[in-house]
Amino acid sequence: MVSKNTTPPVLILWIIAGWVGFGLLPWYGIEDGFWTFEWLLDGYPFDEDYAPAVFLIAQGEKLWLSPLLIPLALPLLALRYQKSDPVYARLLVLAGALGFAWMIVQGFSIGIRGYNFAWMNATFGPLDDRQFGMGYGALLCASAFLFLFTQGIAARGAVNGDVFVVSAIGGVIVIVTAFVFFPIAKMLFAAFVTDDGSYSILVFFDKFFDDRIWGLGCLAGARCGAAWNSLFLAILVGFITTLLGLAFALVVTRSGFRYKRLIRAMTVLPIITPPFVIGLALILLFGLSGTVTVFFAELFGLQPTRWLYGLPGVLIAQTLAFTPIAFLVLIGVVEGVSPSMEEAAQTLRANRWQTFRTVSLPLMRPGLANAFLLGFIESMADFGNPLVLGGNFDVLSTEIFFAIVGAQYDQGRAAVLAMVLLFFTLSAFYAQRAWLGKKSYTTVSGKGDAGVHPLMPKALALPVLAIALAWALFTAVVYVMIVYGSVVELWGVNNSLTLKHYVTAFSVRFEEEGIRWTGAAWDSFWTTITIAAIAAPLTAAVGLVTAYLLTRQSFVGKNAFEFGTMLSFAIPGTVIGVSYILAFNVPPIEITGTGIILVVSFIFRNMPVGVRAGIASMSQIDKSLDESSLTLGANSWQTFRKVILPLLRPAILAALVYSFVRAMTAISAVIFLVSAEYDMATSYIIGRVENNDYGLAIAYSTTLIFVMLAAVGFLQLLVGRVQIGRRKHIEMKEAS
């Protein structure tokens, strides 16, 4: 035996957490909401609705919880052994596995009507008692079992016995399984369900080989299937957004352009706007009666057409919406290229163009590949823009949407379409990996780097600057139209100026009791801000930890692990929303109608951006930095926190900004997950659009744009920038 001071503090922490969850906190969910603590004054701890597991068992209720006492007690025995003793590891693995497995078994076996399975009713007889969803106590207890298990695995030597790494892997696997694989699997099983509720593979094939999915009528002048339309559109959007994102990144980091900050702000604008608002602005500009369309029709004596509706309109809208994603990924990669490597090339008589083509650009390949992948996936999963501008151009996402919310309500068809979409996105994912190969893109090592990035060669700078400025100007025009639409009486009918839409949405009254938020939009506004503020840091944290594991650690099942982290991003939000309702409307995770389900959906819908941005940035950081830190006595957690994270500021900023603004502007999943208590801004705006109240909808959207611009600026100041070179840019004369 050893003295207590040799016991790992983290082990004691999780033992205490397990007993606190079991003996002190309410085991089941509180009906009034996860964040309320009124239960402390309402019959706690004896009231059955708020009682901890120990009190429930003592009162003869929920006796299926009593076996958990055994795995809770086993870790206490481990305190008697040294960490190197095999018994120590066995006890922790046994305790964690038994406890976690029993919670899963009893959670899925006993539901709101007693036993969930007919054979259990036949075997044990009907159960008079019922079970609710997990609450504080069950959540904390399950976490304790999970991390006791990972500590035992680490003690057995997994991943060199590193407790932080093993715990991080275990934690990410569990939450991705619970909130990605489980709900999506439950949704996709619907592809095989027949009308009588049984399963048949013939039903799947009948829906899979539908001409509306794979038809090639476009070769004969008719309509193409939704699958081919989606694939062609996604490839175009991926290429165009990557090129535009690179152009903006180069202008901001590699040019002497005076108004870089303004350009940077213009690139971020589209990402903080509900997509249907961009679509409405494009219609006002280029629609049949649009300003630009009418102007050119009168100028050249042409008949106005509906050219915007279909592939052209959707392509323009998606390029506007998703270029910022490519920029946010690429800005960190472009900044991360070591200046000393570029200066070395110039020292060897290479001019700026040769340096850029042979040194800088090849080192940006991880960022280019990730930017294309994200643009491709975003295009595949987007349904807001095709819904507004698609016309007869059918895509998979809108077909899924209509299959779920339309009159047909065919979950099986939606599931089949989701499988096709998933096949395309995963194919792009593996094509990206094949293009990158196993080459090294490390540019940041442990050595000091006082160099500066060379400016772009003039032959490249002029077209890049022209493209960036042209697109920024076009973006500005679109947003001028959005702001204009918010201050007119009735968009397109009565263009007299008014502020009544803002007053209706955001009026405030000052009374003796204090401020009264009398505007119609305040409730959804504050709810949206709160949900986004909670989800953003959690999304960034999960995404960057996952990126660290994928780039810095080797473990069994790594490819499957990476696949799981990207899966939720490849599935449309409509499918995510419906699958969450199906999966989390009953125990053991009963969170439908709460704010938690919104936070969870945002975390796992947006997590892949943090993962891809982190992978792109970490692939440039030499592993010798990690090794040096570990050699000097730091553990993996200290190395990650003090060495890796400070170098990942661009990736952190990308993850925070993207997750925050997407939570503020998300549409597809939100439509299904909002409730009367938790109404989000986008669902409120859609309600206004459905009632033809466009002015109020655009006024609300405009307000969100300015709020998110302020939030992006605040996050930029909070996170800061990576300073790889210490000298300021000094434009040197090009060598003759």
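To be clear, the structure that these remarks concern was listed above.
Quick caveat: nothing in here was measured; it's all calculated off a predicted structure.

Colleague: Would you mind showing me how to read the overall build of the protein chain here?
Modeller: Helix and strand counts for the protein chain come out as 32 helices and six strands. Counting the 736 residues in the protein chain, one finds 54% classified as buried. When contacts within the protein chain are restricted to residue pairs at least 6 apart in sequence, those whose partners lie at least 24 apart make up 75%. Per element, the accessible surface of the protein chain, about 33,000 Å² overall, is 65% carbon and sulfur.

Colleague: Even after reading the chapter, I still don't get the nonpolar core, so can you show me in this structure?
Modeller: If you look at soluble globular proteins, the nonpolar side chains tend to sit buried side by side. One finds L282, V478, L549, Y580, F602, F604 and Y700 to be the most contacted residues of the largest nonpolar core, which totals 189 residues. Each residue touching F604, except ones within four places of it in the same chain, is listed here: I175, V176, F179, V180, S568 and Y580. Counting residues in each nonpolar core, the second largest holds 19 residues, with F22, Y28, A51 and Y115 among its members.

Colleague: Sorry if this is basic, but what is going on with the packing of aromatic side chains here?
Modeller: A complete count under the given rule lists 42 aromatic pairs for this structure. Ring plane angle 35 degrees and centroid distance 6.1 Å describe the contact between F372 and F376, whose orientation is recorded as tilted. Highlighted residues: F372 and F376, both in helix α17 (residues 365–381), separated by four residues, approximately one helical turn. Seen from their ring centres, F506 and Y700 are 5.3 Å apart, and the 85 degrees between their planes marks the pair as edge-to-face. Of this pair, F506 sits in helix α22 (residues 500–506) while Y700 sits in helix α32 (residues 694–719); the two residues are 194 residues apart in sequence, bridging distant segments of the chain. Classification of Y700 as buried rests on a relative accessible area of 0%. In this arrangement the basic side chain of R306 is found over the ring face of Y309, its NZ or CZ atom lying 4.4 Å from the centre. Its end group placed over the ring of Y684, R688 keeps NZ or CZ at 5.5 Å from the ring centre.

Colleague: I keep staring at the environment of G336 and nothing clicks. Help me out?
Modeller: Along the chain, G336 turns up in helix α14 (residues 311–336). Judged by its relative accessible area of 7%, G336 is buried. Spatially, the C-alpha atom of G336 lies 9.0 Å from that of P650, the residues being 314 residues apart in sequence.

Colleague: Quick question: what am I supposed to make of unusual backbone geometry here?
Modeller: Both trends apply: most residues other than glycine have a negative phi, and most peptide bonds are in trans. Cis geometry is adopted by the peptide bond preceding P588, which originates at P587 and carries an omega value of 10 degrees. Looking at where P588 falls in the secondary structure, it is placed in the loop between α25 (573–583) and α26 (595–618). Residues other than glycine seldom take positive phi values, yet K62 does so here, at roughly 50 degrees. Secondary-structure assignment places K62 in the loop between α2 (53–58) and α3 (69–78).

Colleague: I tried to follow a negative patch on the surface on my own but got confused; where do I start?
Modeller: A cluster of acidic residues, E31, E38, D42, D49 and E590, forms a negative patch at the surface. Residue position: E31 is located in the loop between α1 (9–23) and α2. With relative accessibility at 73%, the residue E31 sits in the exposed group.

Colleague: Can you walk me through the pattern of salt bridges in this structure?
Modeller: Note on pairing: side chains with opposite charge can pair once their charged atoms come close. Applying the stated criterion to the full structure yields nine salt bridges. Across the pair E378 and R662 runs a salt bridge whose closest N-O atoms are separated by 2.5 Å. Of this pair, E378 sits in helix α17 while R662 sits in helix α29 (residues 649–665); the two residues are 284 residues apart in sequence, bridging distant segments of the chain. Comparing E378 with R662, the two get one shared label, buried. In this structure, the salt-bridge partner of E489 is K500, at a minimum N-O distance of 2.7 Å. Taken together, the positions of E489 in strand β3 (residues 488–490) and K500 in helix α22 put the pair 11 residues apart, joining distant regions of the chain. Put simply, D210, R212, E399 and R413 are held in one network by salt bridges that share partners.

Colleague: I would appreciate a short explanation of the side chain of K62 in the present structure.
Modeller: According to the relative accessible area criterion, K62 is buried, its value standing at 2%. Within polar-contact distance, the side chain of K62 engages the side chain of E48 at 2.7 Å. Contact partners of K62, with chain neighbours within four places excluded, come to Y28, E48, L56, I57, D129 and R130.

Colleague: I tried to follow the packing of helix α19 (residues 396–405) against α25 on my own but got confused; where do I start?
Modeller: To characterise two packed helices, one gives the angle between the axes of the helices and the distance between these axes. Between α19 and α25, the shortest axis-to-axis distance is 9 Å and the interhelical angle comes to 30 degrees. For the pair α19 and α25, contact is made by I400, F401 and I404 and by T574, V575 and V578, respectively. Residue classes in the contact of α19 with α25 are distributed as five nonpolar, one polar and no charged.

Colleague: Mind showing me how you'd approach helix α10 (residues 226–254) here?
Modeller: Across its 29 residues, α10 extends 41 Å between first and last C-alpha, which sits within 8% of the 42 Å expected from 1.5 Å per residue. Taken across its 29 residues, α10 has 21 buried, putting it largely inside the fold.

Colleague: Before we go on, may I ask you to explain the side chain of R662 in this structure?
Modeller: A relative accessible area of 18% means that R662 is categorised as buried. Beyond its immediate stretch of four places on either side in the chain, R662 contacts E378 and N606.

Colleague: Help me out: how do you make sense of the packing of α17 against α26 in this one?
Modeller: α26 packs onto α17 with a crossing angle of 165 degrees between their chain directions and a minimal axis gap of 9 Å. Overall, the two elements α17 and α26 adopt an arrangement that is roughly antiparallel. Note on packing geometry: the crossing formed by α17 with α26 is right-handed. Of α26, the residues touching α17 (which contributes P366, G367, N370, L373, L374 and A381) are R605, V609, R612 and A616. A per-class count over the contact of α17 with α26 returns six nonpolar, two polar and two charged.

Definitions and limits used
- Residues numbered from 1 in each chain as written.
- Predicted model: local features only at pLDDT ≥ 70, side-chain atom pairs only at ≥ 80, totals over all residues.
- Heavy atoms only, no water.
- Helix = DSSP H or I, 4+ residues; strand = E, 2+ residues; numbered from the N terminus.
- Buried < 20%, exposed > 50% of the residue type's maximum accessible area, 1.4 Å probe, protein only.
- Contact = heavy atoms within 4.5 Å.
- Areas by Shrake-Rupley, 256 points an atom, 1.4 Å probe, with all protein chains shown as cover.
- Core = buried A, V, L, I, M, F, W, Y, C linked by side-chain atoms within 4.5 Å.
- Phe/Tyr/Trp six-rings, centres within 6.5 Å; stacked < 30°, edge-to-face > 60°.
- Lys NZ or Arg CZ within 6 Å of the ring centre and 35° of its normal.
- Patch = residues over 30% accessible without salt bridge, like charges linked within 9 Å, V, L, I, M, F, W, Y side chains within 5 Å.
- Salt bridge = Lys/Arg side-chain N within 4 Å of Asp/Glu carboxyl O.
- Lys, Arg positive; Asp, Glu negative; His and termini not counted.
- Charge placed at Lys NZ, Arg CZ, Asp CG, Glu CD.
- Polar contact = N/O pair within 3.5 Å; in protein donor to acceptor, adjacent residues only side chain to side chain.
- Axes fitted to C-alpha atoms, helices over the stretch in contact; angles between N-to-C directions.
- Nonpolar A, V, L, I, M, F, W, Y, C, P; charged D, E, K, R; others polar.
- Expected span 1.5 Å × (residues − 1).
- Parallel < 35°, antiparallel > 145°, perpendicular 65-115°, else oblique.
- Left-handed = near helix turned anticlockwise from the far one by under 90°.

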